[in-house]
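Here is what each chain is made of, one letter per residue.
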Amino acid sequence: MLTAKSKIGKVVVIRPGALGDVLAVRSVIRFFKDAFPGVDITLLAPGERGRFLAREGWADRAFDYDRSAFAWLYTDGQDDPPAPLTAAFAGSDIILAYQDFADPAGQARFEARLDRLAPAAGKVYCPSRPTGHHSAPIGEWLLNAATGFCRAYGLIKPSDLHGENWAEARLSIDEPQAFPGLGQPYVVMHPGSGSGKKNWPVERFAALARMLLAAGGGGAFTRLLVTAGEADGDVGERLVEAVPGALLLAGAALECLAGVLAYARLYVGNDSGVSHLAAAVTTPSGRGPVVATVFGPSDAAVWAPPGALVLDAGGNMAGLGAADAFQSISARIGLESP
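Definitions and limits used
- Residues numbered from 1 in each chain as written.
- Predicted model: local features only at pLDDT ≥ 70, side-chain atom pairs only at ≥ 80, totals over all residues.
- Heavy atoms only, no water.
- Buried < 20%, exposed > 50% of the residue type's maximum accessible area, 1.4 Å probe, protein only.
- Helix = DSSP H or I, 4+ residues; strand = E, 2+ residues; numbered from the N terminus.
- Pairing = 2+ DSSP bridges.
- Salt bridge = Lys/Arg side-chain N within 4 Å of Asp/Glu carboxyl O.

### Quick word on the pairing of strand β2 (residues 40–45)
Stage number 1. Along β2, 6 of the 6 residues are buried, which leaves the element largely enclosed by surrounding structure.
Stage number 2. Every second residue of β2 is oriented toward a common face, with Asp40, Thr42 and Leu44 on one face and Ile41, Leu43 and Ala45 on the other, all of them buried.
Stage number 3. Of the strand pairs in this sheet, strand β1 (residues 10–14) and β2 are connected by 5 bridges, and their pairing is parallel. Opposite isoleucine 14, over in β2, you have leucine 44 as the bridge partner.

Given below as structure tokens:
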């Protein structure tokens, strides 16, 4: 059992979800790394998302939460846990589970399984996103559950929580990814998302891109790079076709995507994981892209990436014109109208 004198040597963070969901736990990881020097962070997240953070030096190790071994956490019975699960939780002092359950019985099974895996570990169960009347940025929401637990057990003092902005912790990307013909400075656009309802019309992305490429001033651009993933359909190809000279980066690995984003001058996208990645990365000098994110039906107060310029397109994504978006962006980065 945890006490105020406990030494925190290992923290396990469970974070299912899409890329933006997983990136939001940066705030939690940075807090624990600062509060407990030398702590070991194990991250359980789907696919490459957790492994990406581990390769970038944030988590000490990552396990793929989509592997069948982890289904054991959600079942009943006295069967022994699979070896990967035992390895993930071995020696853990704190376990933070950020996820939702459809029914109390399901959560009870999950908690019982965790108690069997790590009976001595302190456990934090937190919904994956703000609930009820709460409205906090997602990184702060996840962080508050962690810091509240540590305060309750006397592991930290209130004064330990001042002066740090863990929710805006960023990933330093050492090397830009080579992309022939891109040049500097360039703008990146990601016109897709996990839901078509959150997509600003491609035609408006295209009109904005043409304005940006024709603009003068300190932020004039040489080229547009369009990024797209498997879930984005054909919006990437359509945007490239509409903007002369545009380049397409489709299906890129996260390291490659992080590289082109970190060294961009500007990024424009919808409410998507790629927008969260753009806001999360910087060059070693600490300079990252200016991030502009178009929001409609989703709550920008919760899901806007830290530091992003929020462009309000209304509930059906039709309430924002390209010229209005250009004016907002130009005011941020110092462009002159074409």
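### A few points about helix α10 (residues 273–280)
Stage number 1. Most of α10 is tucked away, with 8 of its 8 residues classed as buried.
Stage number 2. When α10 is considered as a whole, its buried residues turn out to be Gly273, Val274, Ser275, His276, Leu277, Ala278, Ala279 and Ala280.

### Quick notes on the pattern of salt bridges
Stage number 1. Scanning the entire structure with this criterion turns up 12 salt bridges.
Stage number 2. Taking the shortest distance from any N to any O, the salt bridge between arginine 61 and aspartate 40 comes out at 2.5 Å. With arginine 61 in strand β3 (residues 61–64) and aspartate 40 in strand β2, this residue pair connects regions lying 21 residues apart in the sequence.
Stage number 3. Where arginine 113 meets aspartate 79, a salt bridge forms, and the shortest distance between an N and an O atom there is 3.1 Å.

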